[in-house]
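Structure at a glance
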Number of protein chains: 2
Amino acid sequence: MNGAEALMKTLVGMGVEVCFSNPGTSEMHFVAALDRVPEMRGVLALFEGVATGAADGYARIARKPAATLLHLGPGLGNGLANLHNARRAYSPIVNVVGEHATYHRRFDPPLASDIVATAKAVSKSVMTVESPEELIPMVAATHAAAVASPAGVATLIVPGDITWNDVPDISVASGPAQSPSVDVERVAAAAKALRAGGVTLFIGGSATTRRGLEAASRIANATSARLLCETFPAVLERGAGIPPVDRLAYLGDFALMQLAGSKSLVLAGAVDPVAFFAYPGKPSRYAPEDCQVVTLATPAEPAELFLEALAEDLGASGAPTLAPSVLPSLPSGPLSGSAVAATIGALLPEGCIVVDESVTAGIAAPGLTQGSPPHRWLTLTGGAIGYGLPVATGAAIAEPGTKVVDIQADGSALYTIQALWTQAREGLDVVTVLLNNQSYAILQMELDNVGAEAAGPRSRAMLDLIPPDMDFTSIAKGFGVDAVRVYTGEELGEQLKRALAEPGPRLIEAMLPKGIS
Amino acid sequence: MNGAEALMKTLVGMGVEVCFSNPGTSEMHFVAALDRVPEMRGVLALFEGVATGAADGYARIARKPAATLLHLGPGLGNGLANLHNARRAYSPIVNVVGEHATYHRRFDPPLASDIVATAKAVSKSVMTVESPEELIPMVAATHAAAVASPAGVATLIVPGDITWNDVPDISVASGPAQSPSVDVERVAAAAKALRAGGVTLFIGGSATTRRGLEAASRIANATSARLLCETFPAVLERGAGIPPVDRLAYLGDFALMQLAGSKSLVLAGAVDPVAFFAYPGKPSRYAPEDCQVVTLATPAEPAELFLEALAEDLGASGAPTLAPSVLPSLPSGPLSGSAVAATIGALLPEGCIVVDESVTAGIAAPGLTQGSPPHRWLTLTGGAIGYGLPVATGAAIAEPGTKVVDIQADGSALYTIQALWTQAREGLDVVTVLLNNQSYAILQMELDNVGAEAAGPRSRAMLDLIPPDMDFTSIAKGFGVDAVRVYTGEELGEQLKRALAEPGPRLIEAMLPKGIS
């Protein structure tokens, strides 16, 4: 068996079922192996950032890794931004990068580059296969690294001759699943802080499941602690019947207000919150200076179990507070960001997945969907824009039959717009609601935040997406996705109903006033 | 003066006039500085790979660096593939990457990553500004590194607080221009080899100018040496009245034939040629094993001057062989790759710039344009696809008033399709001839070359771009570029004439038979 087939079969044996691919010459034997390893589904992307973002979305929903297949250093480079987001989401990914044949590298052919250096910035593990004997053990080790807590991106660099030569048949097995355990001393320390009062219970990671939220809500109710969620959770379970939780604001002034007066901050699956960026004269950390930080569980740990143990320690056996079922009315007239959010809130189907890359235009979306049927909410964990369309693609592949709603800002959509084609090819149930406000509105806001003055037309032009007018409906159709442009609440409601009722991908371009709406 | 303005002014003082930008929060002070430094032209890209590719195209034509402005590690990642191509083209680029404020980095905010590691793979120099005093000297050092032979990508990482705080006004000047000199011993050694006979004179780098080609042709005529050009020159001057030169073939079997029987290989601005990829059972180097390799000039040296000295040493004072003016007839009927090439050859305007990312579909283009009026031909130096649209964008900015013709394959266009918007916004004279053959035809060929068997539908699907059908005309219009789809030679001829006669960007989608044409 050649190395390409052995790699695929080894991954399949470990439960990896999907390979998001943008292959080149050095990966052709992997492509050929797809016919001999039918358990591995190859999903083609037109750009590597789509492949890596889809692997992130897949991992967040399937809770296990997909593989990627990228072409040498430049292919990895193209996939880097969404691997960064995956790293911040703690998404396991088996990141396979092709390389020149072992004996060919020393000739420095045109596509040669330092793949290890490029991979380092996003990977918890980087290995290069140097001999046929190493291949299968390194595949297993890479998979193990990807799934070990905290999960993340593990990169395996595979030279071409390793893929086409025979490799010895080495038997490997997945390591025993880590049995989650709870640190009783940290539970006791957190309980002590909560009994003392003035606590903000700050959750993230695995605490953002229904189970984690129920425990957190019971604790908050029993102790009067404030409950708050990290700004950008990988997957937040929410909606009617699930304990509601506010997220820490992205804007520093709001975040400082949310944490003001906290005597202790108990961290459950989240890290001590810091500003997304530094701003002149503003603090980097958000917690008050005299606030005690108590780590109950790190992002690498099963925070929902820690919360349950904490609830038990505190005798917090009451009922959690659950969000009531409240649907916004369908809006009418010209669209605004709020009108789009209300329409989505009114129509969101039970069990669906929301991918939120709405940036400024979607600021009202969390509030107006809080009372919608239960759903999962995915966010931009690493802040590298261009995650929405690919993550929605991967999420839809992870869970066929579930509708994925991608609330997508215009500026960020353009980084990985090629994902639409993969959605069309695979017939994925993704509805993209594209918020066209003709600008990088977030940057217009950030320009003020950092104290820069953009008085003139030359700087303002850097923040505008017109001229020329961008027509996302035309672009989407060009990639094979049916699309429509809407201007009013009535039109959006009608089109969203239709898109949610029909199978396959669809893009609705919601025309908003220019700038921050 | 704050750091952002000081950086811009220092670059302007060194002759840098354009900054290809995709900024984020950490770069907002640079954006604001554009209004105060009107000598610096900010050109916005919707994706970083467009900005870096445009900087490459600009440098190839302007023969001096532009700056880029990228957002942190993920922004650099998105720009990495085209920085790789720029590195292989020896294009000088001042690559400015924003970073979190110096005091904010230790908090590991979501967008933090190892920017230095990411930059290393493509940069000849990487510096991080740690204090206001360092800024201006480091800007000067980065510029100096970019332009020093061999020119390349020099990266400067600038934390946010450096951009918004005042920096001391330090006077710096560009170093004295390197005065080119010729190594007489290497000239003598090359002359000796040429007098012995059986030589292939292999040119690249600065030898691919009209001046270099004239010297090379005189040498070839005087010594019966074979004249050959590297496979992917950064800029090749060619056309009627300029000495014609064959390029070394991309396909190994052809390349081996071109070099067969060479007793010596004299390198002038090129490196010892190697296979683009390794293929099972094929050699990595292309020159015959017993062939002596004589380096006349490295890519870092002024190869055209070495060739002139060599011609003088050899007494090669005869006239060079010049390509005659021969225009192909305008083809009619259904399109093929050859028909597209003939149409371009028949209509190419004098002095224009051709950016060739035609991959398989454009294989006939060099031959059918050899007798067209003089023009410059830019190629995919680093092999990282997605270079054509951005490089055409930058080339057009470097030389206003000159038509740029981008012969563009479909698969590779999709990596950086966002460049069309910048072409529309800036009103650039770029005509994109998009060869739509609905496939990664190069990979269908490479699959055979590496000896992989793709017997089944699952592997073949990885090499097809349908389904769904891609409509590049619709995509281009969505980005604000006027576009049209053509099926016949007549239609293409008419549309290309019109596009070349009118100002501004235009895309012509040439529909070819599926696969290799």
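A brief structural summary. (Residues numbered from 1 in each chain as written. Chains lettered and ligands numbered in written order. Predicted model: local features only at pLDDT ≥ 70, side-chain atom pairs only at ≥ 80, totals over all residues.)

1. Brief notes about helix α8 (residues 184-196) of chain B
Residue and element names in this part refer to chain B. For clarity, the threshold we go by: Helix and strand definitions here come from DSSP, where helices need a minimum of 4 consecutive H or I residues and strands a minimum of 2 consecutive E residues; each element is numbered from the N-terminal end. Any helix carries an expected span of 1.5 Å times its number of residues minus one. Neighbour density around each residue's C-beta defines its exposure: 20 or more other C-beta atoms within 10 Å make it buried, 12 or fewer make it exposed, and counts between make it partly exposed, where C-beta atoms are placed from the backbone. The arc in question is formed by the directions pointing from the helix axis toward the C-beta atoms. Any residue pair is listed as a contact if its two C-beta atoms, each placed from the backbone, are within 7 Å.
Given a rise of 1.5 Å per residue, 13 residues ought to cover 18 Å, and the 18 Å separating the end C-alpha atoms of α8 matches this to within 8%. Three or more residues of α8 are buried, namely Arg186, Val187, Ala190, Ala191, Ala193 and Leu194. In a view along the axis of α8, the buried residues occupy a sector of 160°, so they form one face of it. Exposed side of α8, more than 90 degrees from the buried face: Val184, Glu185, Lys192, Arg195 and Ala196 are the residues found there. Tucked into the core, α8 has its buried residues touching β7 (199-203), α9 (210-223), β11 (264-268), β12 (292-297) and α11 (303-313). Trailing α8 by a residue or two, Gly197 shows a phi angle of about 90°, which is positive.

2. A few points about the sheet that holds strand β8 (residues 226-229) of chain B
Residues and elements named next belong to chain B. Rule in force here: Here, strands pair whenever DSSP counts at least two bridges between them. Only the contacting stretch of a helix is used when fitting its axis, a line to C-alpha atoms as for every element, and angles between N-to-C directions run 0 to 180 degrees.
Pairing is parallel across the open sheet formed by five strands, whose spatial order is β10-β8-β7-β11-β12. Bordering the open sheet on either side are β10 (246-247) and β12, each of which pairs with just one other strand. On the sheet, α9 packs against β7, β8 and β11 and is oriented at approximately 175° with respect to β7.

3. Description of the interface of chain B and chain A
Rules: Classification convention: Asp, Glu, Lys, Arg as charged; Ala, Val, Leu, Ile, Met, Phe, Trp, Tyr, Cys, Pro as nonpolar; all other residues, Gly among them, as polar.
Taken together, the contact pairs 86 residues of chain B with 86 residues of chain A. Here the element with the most residues in the side of chain B that touches chain A is helix α4 (residues 72-88) of chain B; it accounts for eight residues. When its residues are assigned to classes, the side of chain B that touches chain A shows 47 nonpolar, 26 polar and 13 charged.

4. Brief notes about the relation of the copies chain B and chain A
This is how the line gets drawn: When the copies are overlaid, the least-squares fit takes in C-alpha atoms only where the residue has pLDDT of at least 70 in both copies.
Overlaying chain B with chain A gives an RMSD of 0.0 Å, the required rotation being 180° about an axis along which the chain moves by 0.0 Å. Taken together, these values place the two copies in the relation of a two-fold axis. Minimal C-alpha separation from the rotation axis in chain B is found for Ile475 of chain B, amounting to 2.1 Å. A share of 100% of the interface residues of chain B reappears at the interface of chain A, consistent with the copies meeting face to face through the same patch.

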